[in-house]
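Analysis of the macromolecular model
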Amino acid sequence: MTALMIQGTGSNVGKSMLVAGLCRAAVNRGLSVAPFKPQNMSNNAAVTTNGGEIGRAQALQAMACGLDPHTDMNPVLLKPESDVGSQVVVQGKWFTTVKARAYAALKPQLLDAVLDSFNCLKSRHHLVIVEGAGSPAEVNLRDGDIANMGFARASDTPVILAGDIDRGGVIAQIVGTQAVIDPQDAAMIQGFLINRFRGDPTLFDDGYKLIEQHTGWPGFGVLPWFGDAWKLPAEDALDIATPVRTTGLHIVCLKLSRIANFDDLDPLAQDPGVRLTMLHAGQPLPVDADVVIIPGSKSTRGDLEFLKQQGWDEDVRAHVRRGGHVLGICGGYQMLGHTVADPGGIEGQAGTTQGLGLLNIHTEMTEHKRLSTINATHVPTQRVFSGYEIHIGHSSGEDRKRPFAQINGTDEGAISPDGRVAGSYLHGMFRDDGFRTAWLAQFNVVASDQCYDQAVNATLDALAAHMETHLDIDRILGCAR
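Below you will find a few notes about this structure. Given the structure is predicted, the values throughout are model-derived calculations rather than measurements.

The strands making up a sheet associate through backbone hydrogen bonding, with each pair oriented either parallel or antiparallel. Spatial ordering of the open sheet is given by β3-β6-β7-β8, a layout of 4 strands whose pairing is mixed. Of all the strands in the sheet, just β3 (39-41) and β8 (93-99) have a single pairing partner and so form its edges. Direction aside, the axes of adjacent strands within the sheet are offset by 25° on average. The pairing of strand β6 (residues 76-80) with strand β7 (residues 85-90) spans 5 bridges and is antiparallel. By the bridge assignment, L77 is partnered in β7 with V89. Running at roughly 150° to β8, helix α3 (residues 100-124) makes contact with β3, β6, β7 and β8 of the sheet.

What follows is the structure, encoded as C-alpha cells:
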C-alpha cells in the first residue's frame, strides 16, 4: 500500500509518459498498480466504467496498469471553456464552473475528495503512481495546492522531480526549483531524473553531477528521447503526431480553439493509408483534402465563431461543392447544422449562433450531460463498433431521418441526402479496428491490419523497456512509501 509521485520542473516535460512507463514497469514486476493525478486540466477526457470522466492521460496510464479507467484516478478535472474560466469535474461529475481567480479559493474544498479517491486506490493496489501538474516551482500557486506539494505533503507521498533537457536549461530547472520552494516541500523530493535527452547521454555527465552537488538530491538517470512517443494517445492537441506522408487519403482536421476529445484522430494518424493534417488558425483548407473532420469542442458556439474567423466556413462549403466529404464529431456535428441555441447560457452567454448549414438539423444545449460507453451500428456500412458519448445538447431535423448510427434500435447522428456530410455524437469510433477498416473502405483505402490497442500496448512495453535501460527503476520504485 505505497505511493510515489512524479512532479515536473514545468508543464509538458513528459510527466504523463513517465508515469505510464513506470506503471508498466511496475506491473511487469508483478505488482498491482494504479495511476493517480489529483488535478488535471484537459478538454480531452475519457469516459470511465463507473460513468464519469477523467483526463485522457490517466486512461492511458490505466491501460499501462491493465486496468479500466476509474474516476478515482483523476478526482479533479478542469475543462477550460474560455481563457479565464473552466468547468470543474469532481470524481467524474460536473461540480461547478468558475473563473480562474475563484478556483484558487475553491481548491482547499476539493482536497477531501482528492484524498478520498487516493486512499481508495491505495486500499486496492500495491502501488499508486501519482502525476503532478505544472510545476512545484509555481510557488505563487502554493497556497491551497492540491496538484503538487500540497497533495504530497497532505498524503505523505515522496516525490521524484523530472526535468526536460530538450527545452534547454535543465540545470536551472532543477536547481532553481529547490531554490524557490519551501524547505519542507523540498524535503519531500527523493531525487531527480532527466528526460528527453538527444544524442550521447554521457555528454551530460558533468551537468548531472552539478545538479547533485547543488541540490544534494541523487539522480536516477538520464532518459534519452523515446522516438515512439507519438504512437501513444495525445492529451494535448499540440502533441498530436502527424507523420509526413505525401500519399494516402488526405484527412484534414480543423484545430478548434477549444478542441475536445480528439482521441478520434490518433488511430487515423497511425494508419499508413491516411495523410492527416491538423489545420491551425490562419491556415486555409488545402484544396486536395478528401475528408474534413470537424472535431469536438468544449464551447461549440465559441468555436463556431472561431471557425468563421479563420474563413473555414467558406472553405468547408467550397470543399463540399467540389465533391469532398465532411465528418462532424460531437461539437463538430452540432456546428454542421443550421443553428446552435443555448437559451440557458450553459456554455457562455445565452443566445443562438448560425451553423454551417451543411446538415438540416438544429441543436439546443441542455444541462444534462450524456456520459456513457456504447456499442453502435454504423448505418452506411452496417459495421458494429464501440465508442463513447460525452456531450450536452440535443439535435433534431430532417437529416436525422438518415442516421449515422443506431444504438439499441435508436437512431443517432445525421447524414446529408447526398451522403457526403455526416455527423455523430459518438467518440472513439476509429479505435475500433473493424469500424476504421470499413469507414476507410468507403474511400477505397485499404486500412492497416494492425490492432490499434495492441499497438498502443506494444508501445507501452517498449517505453517501459526504454526506461529500464536508462533509469534506475528499482531505486525509483524503492522510494515509494
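Attention now goes to the pairing of strand β22 (residues 383-396). For a regular strand, side-chain orientation follows a simple rule: the groups alternate between the two sheet faces. Inspection of the sheet shows strand β21 (residues 362-378) paired to β22 by 13 bridges, in the antiparallel sense. Bridging from a neighbouring strand, S372 pairs with E389 of β22. Here β21 folds back onto β22, and the loop between the two strands holds 4 residues, one of which, Q382, carries a positive phi near 60°. Relative to strand β27 (residues 426-427), β22 runs antiparallel, the two being bridged by 2 bridges.

Bringing the sheet that holds strand β15 (residues 274-279) into the picture now. Pairing is mixed in the open sheet, where 6 strands are placed in the order β15-β13-β16-β18-β26-β25. The sheet is open, and its two edges are formed by β15 and β25 (414-415), each paired on a single side. Where strand β16 (residues 291-294) meets strand β18 (residues 325-329), 4 bridges bridge the pair, whose relative direction is parallel. If you follow V292 over to β18, its bridge partner there is V326.

A separate point is the packing of aromatic side chains. Counted by the stated rule, this structure contains 11 aromatic pairs. Within the aromatic cluster, the residues linked to one another by ring pairs are F385, F430, F435, W439 and F443. Cation over ring: R198 sits above W225, and NZ or CZ is 3.7 Å from the ring centre.

All right, on to the packing of helix α2 (residues 56-65) against helix α13 (residues 452-470) then. With their axes 10 Å apart at the nearest point, α2 and α13 run at an angle of 75° to one another. On the basis of their axis angle, the class for α2 and α13 is roughly perpendicular. Note on element contacts: α13 touches α2 through D453, V456, N457 and L460, opposite L60, M63 and A64. Partitioned by chemical class, the residues of the contact of α2 with α13 number 5 nonpolar, 1 polar and 1 charged.

Definitions and cut-offs
Residues numbered from 1 in each chain as written. Predicted model: local features only at pLDDT ≥ 70, side-chain atom pairs only at ≥ 80, totals over all residues. Heavy atoms only, no water. Pairing = 2+ DSSP bridges. Helix = DSSP H or I, 4+ residues; strand = E, 2+ residues; numbered from the N terminus. Axes fitted to C-alpha atoms, helices over the stretch in contact; angles between N-to-C directions. Contact = heavy atoms within 4.5 Å. Phe/Tyr/Trp six-rings, centres within 6.5 Å; stacked < 30°, edge-to-face > 60°. Lys NZ or Arg CZ within 6 Å of the ring centre and 35° of its normal. Parallel < 35°, antiparallel > 145°, perpendicular 65-115°, else oblique. Nonpolar A, V, L, I, M, F, W, Y, C, P; charged D, E, K, R; others polar.

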